[in-house]
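# Summary of the model geometry
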Amino acid sequence: MGNESFSARITSGDNSILPLKTDEDVVRLRKQVRDDLVALGFSLIEQTKMVTAASELARNTLRYGGGGEAHVSRRHDNDRTGVELRFIDNGPGIANLELAMTDGYTSGGGLGLGLSGAKRLADEFQIDTEPGKGTTVRIAKWKML
Amino acid sequence: MSNKSTQLAAVIAEFQDQLLEGWLAGLESRLHRDKSKTIDLRGQAAQFLPLLAETLQQTTSTNIEDAGWVDVRQLLAEISQARVRQGFTPIETANFVFALKEPIFEYLRKALVDNPLQASEEIATASTLFDNLGLYTIDVYQKAREQIILRQQQELLELSTPVVQLWQNVLALPLIGTLDSSRTQVVMESLLQKIVETGALIAIIDITGVPTVDTLVAQHLLKTIAAARLMGADCIISGIRPQIAQTIVHLGVNLEDVVTKATLADAFVVALQRAGSSIQLTAGR
Amino acid sequence: MERIPILRMGRLLLVTIQVDMHDRLAMALQEDLTNRIVKDRANGVLIDISALDIVDSFIGRMISDTAAMAKILDAKTVLVGMQPAVAITLVELGLTLEGVSTALNVELGMKMLEQPG
């Protein structure tokens, strides 16, 4: 899925898929996430945290996963509403997940705060990775109704 | 006297004193003795009965939503709202009306002893009427309670974040009570927001009123200080009690980079110096 | 290529970031600033981020690296105008920009740069 070319944003209902191939795509994703959070009435602080987390993870997908795509979807529960993001790449995967999740550890010259920082900024964090197959990171932020 | 409601009205008007005694006896048996003493039950009952009789005489409707019942609704609403403040339960509040049923039925039966059919009809109508009045008091009670809760929540939130300007460029945040993470987040946001609004260079966080500091609270404080520094303002912590100093060191929390002062007054002097002002004691003191 | 403009006022360099930052733009700004410090013989750099609605770890690192580079080139850097929500998020992310001087706004930042030392 990550090798196809996504020329335009694909939207289905409350779900949009954005390509992550260039730095500009990261900016577009941030804007999309911000718009969804604003529409659902998240506070400025919560918006900022989630957009920052999205920025970190989008960079990882781009830099370490060789590009991929981001899925942005709105979620609704009985008593809460939220935004869920999935970052999917078909890159090399992460060999040592525990190490990758450590503050300050980096394999590529960054600050090593991407994964651990995004986890702190979001309400939910989940990562599936397999060496040679790729990585999917899912984060969500919830707001009580 | 063929109209049902006027018959009820006639009974109430004629036997008002007896009904009042019967009603009060019923009320007092249903309420806790200490509670019934705290309020003027007799006064409220004596006000309600004639109003009810008058309403029944003037309107043929027994639907309490109708305009003719506005005075009765008004009085019941006032009583119910007072009950909320006095700490009564919804059941105790509704019983004010329900306790009137028994004496009324008794006198209706007596008045219509020759016409049992009409008596049962009258009682059924009166029963529905009092049920509706009782439910109305519960409804008012509920709404009054919700309003109180809402107002208290608002007050709590405002109380919990009292950012005050002590001097030009100097803010103070006197924290009182236990800090949990959601409250700390509110405190943090309002302090930082106030820094932007006032252009303050320095903020004093006074924790004299904070009973305990655990690792999490200490971390929250440090985060607030770090965030303020990123924006260009410094923070001083004051009012650290000996036990809290012990806890902080035992927990291994590093406060080395933070300016701490024993009292708010000491912190204020430091803050003034940083903000470019100073205080001088006048002669003769 | 898109670049963030750098203004010169006496021996100070002024940057107001008003576009959505991305990594390439951040790296270009860092390069431009260090070049201009030498070329303009600047002794102070003021970076205004009041229009930025997020600062992630990459931009944060660019800022602290730039401040460190400027210091080696004998120029002082002041970062001004960080929004409260951005500051809270940066701290939560684990970034405190140690070694970077900060001020609430451009005016206070200029004052800091004008002070000797």
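The paragraphs below set out a description of the structure included in this document. Predicted model only: the values in this text are computed from it and were never measured.

### Describing a nonpolar patch on the surface
Residues and elements named next belong to chain B. Judged by side-chain polarity, Val164, Leu166, Trp167 and Leu264 come together as a nonpolar surface patch covering roughly 300 Å² of accessible area. Ranked by the residues each element gives to the nonpolar patch, the list is headed by strand β1 (residues 164–167), at three residues. Position of valine 164 among the secondary structure elements: in strand β1. Note on valine 164: relative accessible area 36%, which makes it partly exposed.

### Points about the packing of helix α5 (residues 70–85) of chain B against helix α6 (residues 90–98) of chain B
Residue and element names in this part refer to chain B. The N-to-C vectors of α5 and α6 enclose an angle of 150 degrees; their axes lie 9 Å apart at closest approach. With respect to their mutual orientation, α5 and α6 come out roughly antiparallel. Viewed along their axes, α5 and α6 form a crossing whose handedness is right-handed. Packed against α5, whose contacting residues are Leu76, Ile79, Ser80 and Arg83, the element α6 presents Thr93, Phe96 and Val97 at the interface. Of the residues contributing to the contact of α5 with α6, the split by class is four nonpolar, two polar and one charged.

### Quick look at the nonpolar core
Counting 104 residues, the largest nonpolar core has Leu29, Phe87 and Ile139 of chain A together with Met21 of chain C as the members making the most contacts within it. With ten residues, the top contributor of residues to this core is helix α10 (residues 215–231) of chain B. Non-local contacts of methionine 21 of chain C, meaning those with residues more than four positions away in its chain, are made with Val27 and Arg30 of chain A together with Ile4, Ala26, Leu29, Leu52, Ile59 and Met62 of chain C. Listed in part, the 43 residues of the second largest apolar core include Ala53, Val72, Leu108 and Leu129 of chain B.

### Looking at the side chain of aspartate 36 of chain A
Inspection of the secondary structure assignment puts aspartate 36 of chain A in helix α1 (residues 23–39). If we ignore the near neighbours within four places in the chain, the residues touching aspartate 36 of chain A are Val72, Arg74 and Val83 of chain A.

### A few points about the interface of chain A and chain C
Between chain A and chain C, the contact holds 23 residues from the first and 20 residues from the second. Both faces combined, the contact of chain A with chain C buries some 2,000 Å², and carbon together with sulfur accounts for 56% of it. Linking chain A to chain C there are six salt bridges. In this structure, aspartate 23 of chain C engages arginine 63 of chain A in a salt bridge whose closest nitrogen and oxygen atoms are separated by 2.6 Å. Linking chain A with chain C are eleven residue pairs in polar contact (both at pLDDT 80 or more), by the criterion used here. Looking at the side of chain A that touches chain C, the element that brings in the most residues is helix α2 (residues 44–63) of chain A, giving ten residues.

### Side note on the pairing of strand β3 (residues 202–209) of chain B
All names here are of chain B. For β3, a buried count of six out of eight residues is recorded, marking the element as mostly surrounded by other parts of the structure. Looking at chain direction, strand β2 (residues 170–176) and β3 are connected through six bridges and run parallel. Bridge pairing in β3 places leucine 173 opposite isoleucine 205. Pairing of β3 with strand β4 (residues 234–238), which is carried by five bridges, proceeds in the parallel orientation. Note that in β4 the partner of isoleucine 204 across the bridge is isoleucine 236. Taking the sense of rotation as the criterion, the β-α-β connection linking β3, α10 and β4 turns out right-handed.

What counts as what
- Residues numbered from 1 in each chain as written.
- Chains lettered and ligands numbered in written order.
- Predicted model: local features only at pLDDT ≥ 70, side-chain atom pairs only at ≥ 80, totals over all residues.
- Heavy atoms only, no water.
- Patch = residues over 30% accessible without salt bridge, like charges linked within 9 Å, V, L, I, M, F, W, Y side chains within 5 Å.
- Areas by Shrake-Rupley, 256 points an atom, 1.4 Å probe, with all protein chains shown as cover.
- Salt bridge = Lys/Arg side-chain N within 4 Å of Asp/Glu carboxyl O.
- Helix = DSSP H or I, 4+ residues; strand = E, 2+ residues; numbered from the N terminus.
- Buried < 20%, exposed > 50% of the residue type's maximum accessible area, 1.4 Å probe, protein only.
- Axes fitted to C-alpha atoms, helices over the stretch in contact; angles between N-to-C directions.
- Parallel < 35°, antiparallel > 145°, perpendicular 65-115°, else oblique.
- Left-handed = near helix turned anticlockwise from the far one by under 90°.
- Contact = heavy atoms within 4.5 Å.
- Nonpolar A, V, L, I, M, F, W, Y, C, P; charged D, E, K, R; others polar.
- Core = buried A, V, L, I, M, F, W, Y, C linked by side-chain atoms within 4.5 Å.
- Buried area = accessible area lost by both parts, 1.4 Å probe.
- Polar contact = N/O pair within 3.5 Å; in protein donor to acceptor, adjacent residues only side chain to side chain.
- Pairing = 2+ DSSP bridges.
- Right-handed = clockwise from strand over helix to strand, strands pointing away.

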